[in-house]
Structures are given as C-alpha cells and as structure tokens.
Amino acid sequence: MDNNLQQSFIKYVEDKNAKKEKIDLYDKDRNYIRTIYRGEEIKQNEWKKCILCFVVDKQGNVIVEYKRNGEKDGCSGHIKQNEVATQALLRELYEELKIEMEESLNSVHLGNIAINFEETEQKLQCFLDVYCLFRTKDTPLEPDEQEIEKIEHMPIRKFLKEFISNEIFPCVEGYIPIIEKFVKLYIEEMFEKSVVTELEI
C-alpha cells in the first residue's frame, strides 16, 4: 500500500474511532484487562461495568424503556472509560430521559451485582451498579429517539411481575436483595407521599 494512502487510512480510522465510546474491560476479580470501542464483542473472561436505574414517577409508576433493539429495560448503560458509576448514572438519565442533574442527584444506590453470560443467554456479562430515583418534578420525560421507541409508566405490581418473569431484563439471583431494598424504599416513599398504588402489601 502507498505510504500516503496508508497514513490517510490510519488517520481515517483514528478519526472515526475518536467519535466512539471507549469501554474498559475487567476480569472476574475486577482487574483491568483492556479497552474496547462500543459495539466490539467481549470475550468469555471479560466483564464490562454498567449502571441501571429504576426511575419512579410521582404517581408511583416505574419507567420502562422499549428499546429499538426489541428489549425492555430501565435507564441503563455502560460506564465509559475514565467514568465512575455515579457519572455514568447522571449522564444516562439525561441522555435517555432528559432528567436534569438537579433531580438525578436524588438517586439512591441499591447495590452492585455481577451478571454473567450463563445467566443471560450470552447477552451480557458485567458488574452492575443499580440505583433508583423517585422523581421530584412533573416535567415530561423526553426519550432518546435513536435508542428508545417508547416508554411506559408501569404500575409497580406489573413491573415486579414482568421483572420476575424475565420480560424486562434477565432476573438473575443477584437482583433479589436489590429488589427487596427497592420495594422497601418504594413503600416508604409512597406512604410519605400518600400515593395509592396497585402494590398489595
């Protein structure tokens, strides 16, 4: 290949990759392995770091996102290179739903779990920081149209039923203490607001 052509191609690849998200990968003991660009496949021994947030509106409904890839999910995403979990949380809440930082800072950390390929039919392997956010504002959500087809304000009872039956995202064993903590916080929050929901206590 001509040297000038080769250099041009290298610059083209660098410029193209510069616009992509970089994601750090880790081993099962959370030791750094390597960095990839978003969209690249990871190996069986590699783990990403991700966040997930259960967003609850002022009426007590949980926000469920219908992704354009056919999946149902909460507000979630990868932790980028040089980010920490809380930075990724604030970024994803704004990028996916246009929830401003002032409101996002009320998020509560529910825990961190490890999800592996075996539990998710080879779809996902990550260390997941899980949060919940009880909204304090009535401003309408604005889903990211490139990623999200629509959102549903799902009653808590329906959300828990679909979550347990794997209709929203893989319900792995590690979620159990997190869901228990989320439900406890939910009940406390709703009683404080005197919101009547479909949740049978």
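Placed above this text is the structure.
All of the points below concern the structure found in this document.

1. As for the nonpolar core
Phe-54, Leu-128, Val-130, Phe-159, Tyr-175 and Phe-182 are the most contacted members of the largest nonpolar core, which has 30 residues in total. Of all the secondary-structure elements, those providing two or more residues to this core are β3 (48-56), β4 (62-67), β7 (108-115), β8 (126-134), α4 (156-164) and α5 (175-193). By residue number, the principal contributor to this core is α5, which donates seven residues. Non-local contacts of Phe-159, meaning those with residues more than four positions away in its chain, are made with Phe-54, Val-62, Val-64, Met-154, Ile-168 and Phe-182. Membership of the second largest hydrophobic core comes to 15 residues, among which are Ile-51, Leu-93, Leu-97 and Leu-133.

2. Quick word on the environment of Ile-115
Along the polypeptide, Ile-115 turns up in strand β7. The residues touching Ile-115, leaving out its near neighbours within four places in the chain, are Trp-47, Thr-120, Leu-124, Gln-125, Cys-126, Leu-128, Val-172 and Tyr-175.

3. Re the side chain of Asp-129
Position of Asp-129 relative to the elements: it lies in strand β8. Buried charged residue Asp-129 carries no salt bridge. Nearest counter-charge: Arg-30, at 6.0 Å. A polar atom in the side chain of Asp-129 sits 3.1 Å from the side chain of Asn-112. Not counting chain neighbours up to four residues away, the residues in contact with Asp-129 comprise Cys-50, Ile-51, Leu-52, Ala-85, His-109, Gly-111 and Asn-112.

4. Considerations on the side chain of Lys-67
Structurally, the position occupied by Lys-67 is in strand β4. At 2.6 Å, the side chain of Lys-67 forms a polar contact with the side chain of Glu-65. A distance of 3.3 Å separates polar atoms of two side chains, one belonging to Lys-67 and the other to Glu-147. Not counting residues within four places of it along the chain, the set of residues in contact with Lys-67 comprises Asp-73, Gly-74, Ser-76, Glu-96, Glu-147, Ile-148 and Glu-149.

5. Considering unusual backbone geometry
We note that Arg-30 has phi near 70 degrees; this positive angle belongs to a residue other than glycine. If you trace the backbone, Arg-30 turns up in the loop between β1 (22-26) and β2 (32-37). On the basis of relative accessible area, Arg-30 is assigned to the partly exposed category, the value being 37%. Phi at Lys-98 takes a positive value of approximately 60 degrees, unusual for a residue other than glycine. Examined against the element boundaries, Lys-98 turns out to sit in the loop between α2 (85-97) and α3 (101-104). Residue Lys-98 is classed as partly exposed on the basis of its relative accessible area of 33%.

6. Comments concerning the pairing of β4
In terms of burial, β4 is a largely internal element, six of the six residues being buried. Neither face of β4 is open: one carries Val-62, Val-64 and Tyr-66, the other Ile-63, Glu-65 and Lys-67, and all of them are buried. Of the strand pairs in this sheet, β4 and strand β9 (residues 148-154) are connected by six bridges, and their pairing is antiparallel. Its bridge partner lying in β9, Glu-65 is registered against Ile-151. Inspection of the sheet shows β4 paired to strand β5 (residues 72-73) by two bridges, in the antiparallel sense.

7. Here we look at α2
Across its 13 residues, α2 extends 18 Å between first and last C-alpha, which sits within 8% of the 18 Å expected from 1.5 Å per residue. Buried residues in α2 make contact with β3, β4, β6 (75-78), α3, β8 and β9. Immediately downstream of α2, the backbone of Lys-98 shows phi near 60 degrees, a positive value.

Conventions used here
Residues numbered from 1 in each chain as written. Predicted model: local features only at pLDDT ≥ 70, side-chain atom pairs only at ≥ 80, totals over all residues. Heavy atoms only, no water. Core = buried A, V, L, I, M, F, W, Y, C linked by side-chain atoms within 4.5 Å. Buried < 20%, exposed > 50% of the residue type's maximum accessible area, 1.4 Å probe, protein only. Helix = DSSP H or I, 4+ residues; strand = E, 2+ residues; numbered from the N terminus. Contact = heavy atoms within 4.5 Å. Lys, Arg positive; Asp, Glu negative; His and termini not counted. Salt bridge = Lys/Arg side-chain N within 4 Å of Asp/Glu carboxyl O. Polar contact = N/O pair within 3.5 Å; in protein donor to acceptor, adjacent residues only side chain to side chain. Pairing = 2+ DSSP bridges. Expected span 1.5 Å × (residues − 1).

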